[in-house]
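What the coordinates show
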Amino acid sequence: MDSNIAAITTIFTEFYYWVTVVIMFLIHVGFCMYEVGASRRRNHLHTLMKNTMLIPLVTITFFFFGWWIYWALPNGPGFTGGILWDDAAPNAPWSQSMATNLSDRITGVFWAAFLLFSWTAASIVSGSVIERIRSGAFWIHAVLIGSVFWIIDAAWGWHYAGWMVQLLGYHDAYASGVIHAVAGGYALGVLVVLGPRLGKFAADGTPRDIMPHNPWLVTIGLFLIYTGFWGFYAACNVPLIDPEGIGGQITGITWTATNIYLGPTSLSAITFNFLMSLSGGLLIGYLVSKGDPFWTYSGGLAGVITASAGNDLYHPIQAMLIAGVGTYCAYKLHYWVERKFKIDDAVGAVAVHGYAGFIGLIICGFVLWGAPASPYEGYATVNPLGQFAGAIIMFVVLGFIPAFIVSKIMASLGMLRVPPEVELLGLDFRENEAYDNAIADVKAAEAAKTRSS
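These lines cover the structure that appears in this document, whether it is placed above or below. (Residues numbered from 1 in each chain as written. Predicted model: local features only at pLDDT ≥ 70, side-chain atom pairs only at ≥ 80, totals over all residues. Heavy atoms only, no water.)

Ranked by size, the top nonpolar core spans 131 residues in total, and within it F114, F117, W150, W158 and F232 carry the most contacts. In terms of residue count, helix α5 (residues 107-128) provides more of this core than any other element does, 14 residues in total. Excluding residues within four positions of it along the chain, F117 makes contact with M24, W150, W158, I179, F232, A235 and C236. (Core = buried A, V, L, I, M, F, W, Y, C linked by side-chain atoms within 4.5 Å. Buried < 20%, exposed > 50% of the residue type's maximum accessible area, 1.4 Å probe, protein only. Helix = DSSP H or I, 4+ residues; strand = E, 2+ residues; numbered from the N terminus. Contact = heavy atoms within 4.5 Å.)

The following block contains the structure:
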């Protein structure tokens, strides 16, 4: 640090990200409480440990290769250039920046902010598949979505030089698509192969409601997610930057906060829009579900997710209205898909994150049509076609398709789902004699069937 102002700026930025990471940890606490509250007694420990153990698994893999991907692949598969080896080198696990280093106070906290985004992506998938997936199968999926696929889409559409930003005019300031649509699409890909919980559908195909075991835990969990999501919004900003430091691309001479694309913004702006979109989602969630608490709280989250793509530029009233539209559509789509395709999304994660995120990207393309996707000269402006293409890339190409393929492979190897007997006993028996006996019974029955045939 060559001056006092540089020292103050660096230490402030370091502390800023550290605080946002601590706040975002509440997202994961919230997901754990939410999922345990939504599951039945016999599955509580399995549900909790499934979501807990993604923390070390995703953290370690994100350290070794996930963070490198973000810096190496913004050009995509050759659309605007090749792999950025030089940019990625300081973010490789053996780099001096990825360890105690007083000359670099920012990499560690910035890495941690992205890591918490990775946990969130994996936890979104976790909730949708409770009460029937094998822990090992989920942990493989957690690493893939947390340290591979979401960070690829971040490199493409959430990097200031990402090819989607440059060529498509893709704009997704607070991750309607980059985290939520990709995780929702990934969850749907797993669910299609995994199948519904036993008893979810009647013999005639009519879906049955499996109510949350503990609505109080669900409520507290979602409020903690709201709190952490507010910190997430702050973590998506660069807190203080000199316009001259990035080539004069930002208009003016005053140091300012920027969004992830280095476009000027402020904490005041996102505070207005976060609270208005949360309120719009809660209100419509309450109305469309006729006062159902589960969907009222989920509606608040869906509202924020829908508005997140453009919440750096929306007017607060726009944010509120967009949140309401997304919440209504997500709720209706959830039940239509459930009835039509017999998809058992245990906590509505595909709807709240995937459908709401997808819809939010589309709406952003129309509302912000013509606005700069980035302050950098020569980049495409925001437009409906670019946002739609971006939504497809997030939800389908990097979300649904990889999850479907990997799940199919797991299912063919018997790795994806617990046996029916274990599901009936409860997955909390997984680590004890009852589980082993159930597995033995299944194998004996299969062997007897084979001999008789």
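With that settled, the discussion passes to a nonpolar patch on the surface. Residues I140, I401, I405, I409, L413 and M415 make up a contiguous nonpolar surface patch of roughly 520 Å² in combined accessible area. Per-element tally for the nonpolar patch: the top contributor is helix α14 (residues 384-412), with 3 residues. (Patch = residues over 30% accessible without salt bridge, like charges linked within 9 Å, V, L, I, M, F, W, Y side chains within 5 Å. Areas by Shrake-Rupley, 256 points an atom, 1.4 Å probe, with all protein chains shown as cover. Salt bridge = Lys/Arg side-chain N within 4 Å of Asp/Glu carboxyl O.)

Taken in spatial order, the 3 strands line up as β1-β2-β3 in an open sheet, and their pairing is antiparallel. Pairing within the sheet leaves two strands with one partner each, and these edge strands are β1 (238-241) and β3 (264-265). Inspection of the sheet shows β1 paired to strand β2 (residues 256-258) by 2 bridges, in the antiparallel sense. Within the sheet, the bridge partner assigned to V238 lies in β2 and is T258. (Pairing = 2+ DSSP bridges.)

With that out of the way, let us pick up the packing of aromatic side chains. Applying the stated criterion across every chain, the model contains 49 aromatic pairs. Between W158 and F232, the aromatic rings sit 6.5 Å apart at their centres with planes inclined by 15°, giving stacked as the arrangement. Here W158 is found in the loop between α6 (135-157) and α7 (163-168), whereas its partner F232 is found in helix α9 (residues 215-235), with 74 residues between them in sequence. A relative accessible area of 0% places W158 in the buried class. (Phe/Tyr/Trp six-rings, centres within 6.5 Å; stacked < 30°, edge-to-face > 60°.)

Our next topic: α5. Between its terminal C-alpha atoms α5 stretches 33 Å, which fits the 32 Å expected from 22 residues at 1.5 Å a residue. The buried fraction of α5 is high, at 21 of 22 residues. (Expected span 1.5 Å × (residues − 1).)

Now for the packing of helix α8 (residues 176-194) against helix α13 (residues 349-367). Interhelical geometry of α8 versus α13 gives an angle of 130° and a closest axis separation of 7 Å. With respect to α13, the axis of α8 lies oblique. Here α8 runs over α13; the crossing is left-handed. Contacts between α8 and α13 involve S176, G177, H180, A181, G184, A187, L188 and L191 on the former and, on the latter, V350, H353, G354, Y355, G357, F358 and L361. In terms of residue class, the contact of α8 with α13 is made up of 8 nonpolar, 7 polar and no charged. (Axes fitted to C-alpha atoms, helices over the stretch in contact; angles between N-to-C directions. Parallel < 35°, antiparallel > 145°, perpendicular 65-115°, else oblique. Left-handed = near helix turned anticlockwise from the far one by under 90°. Nonpolar A, V, L, I, M, F, W, Y, C, P; charged D, E, K, R; others polar.)

What follows deals with the state of the cysteines. In protein structure, a disulfide is the covalent linkage between the sulfur atoms of two cysteines. Counting across every chain of the model gives 0 disulfides. Summary of cysteine pairing: C329 is not part of a disulfide, and the nearest cysteine sulfur, belonging to C364, is at 16 Å. A residue is classified by how much of its surface remains accessible, and C329, at 27% relative accessible area, is partly exposed. (Disulfide = S-S within 2.5 Å.)

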